[in-house]
Amino acid sequence: MPPSSAFQDDASVNESWLAAGTLFAGGATVITATVMIFMSMPQSCRTEDGGGVRVEIRPAASPAAAMVSARFVF
């Protein structure tokens, strides 16, 4: 005995609601992921100079070469 047309109509309505719900859930997931990606982007942050940092530059020379040495002291 073949299924009645009322049963087929009911099944198609259920499948339509299921498809719409799946699309809604997928769209909400994409929107949430996009917002979270933008919120977790790195941000630059400047701090106050603590002072006490020195840069020492020392020239050095020899008959074979000449150079400059730099040293950062914290």
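Shown above is the structure to which this text applies.
Small disclaimer: the values here were computed from a predicted structure and weren't measured.

A.B. asks: Explanation requested: the overall build of the chain in the structure shown.
C.D. replies: Along the chain, the regular secondary structure elements total one helix and two strands. In sequence order, the secondary structure elements of the chain are arranged as α-β-β. Taken as a whole, the chain presents about 7,200 Å² of accessible surface, with 66% of it coming from carbon and sulfur.

A.B. asks: Help me out: how do you make sense of the pattern of salt bridges in this one?
C.D. replies: Under the defined criterion, the tally for this structure stands at three salt bridges. With its nearest N and O atoms 3.1 Å apart, the salt bridge here joins E56 to R54. Using a relative accessible area of 45% as the deciding quantity, one classes R54 as partly exposed. We note a salt bridge from E56 to R58, for which the minimum N-O separation is 3.1 Å.

A.B. asks: When you look at the pairing of strand β1 (residues 54–61) in this model, what are you seeing that I'm missing?
C.D. replies: The side chains of a regular strand alternate between the sheet's two faces. Pairing between β1 and strand β2 (residues 66–73): eight bridges, direction antiparallel. Following the sheet pairing, V55 is matched in β2 by F72. Hairpin connection, β1 to β2: the antiparallel pair is bridged by four residues.

A.B. asks: What should I look at first to understand a nonpolar patch on the surface in this one?
C.D. replies: On the surface, V53, V55, I57, V68, F72 and F74 cluster together into a nonpolar patch covering about 720 Å² of accessible area. Of all elements in the fold, only β1 and β2 reach the threshold of two or more residues within the nonpolar patch.

A.B. asks: Where do I start with the environment of A70 in this structure?
C.D. replies: Inspection of the secondary structure assignment puts A70 in strand β2. For A70, a relative accessible area of 54% gives the class exposed. For the pair formed by A70 and P59, sequence separation is eleven residues and the distance between their alpha carbons is 8.7 Å. Setting aside its immediate chain neighbours within four residues, A70 contacts E56 and I57.

What counts and what doesn't
Residues numbered from 1 in each chain as written. Predicted model: local features only at pLDDT ≥ 70, side-chain atom pairs only at ≥ 80, totals over all residues. Heavy atoms only, no water. Helix = DSSP H or I, 4+ residues; strand = E, 2+ residues; numbered from the N terminus. Areas by Shrake-Rupley, 256 points an atom, 1.4 Å probe, with all protein chains shown as cover. Salt bridge = Lys/Arg side-chain N within 4 Å of Asp/Glu carboxyl O. Buried < 20%, exposed > 50% of the residue type's maximum accessible area, 1.4 Å probe, protein only. Pairing = 2+ DSSP bridges. Patch = residues over 30% accessible without salt bridge, like charges linked within 9 Å, V, L, I, M, F, W, Y side chains within 5 Å. Contact = heavy atoms within 4.5 Å.

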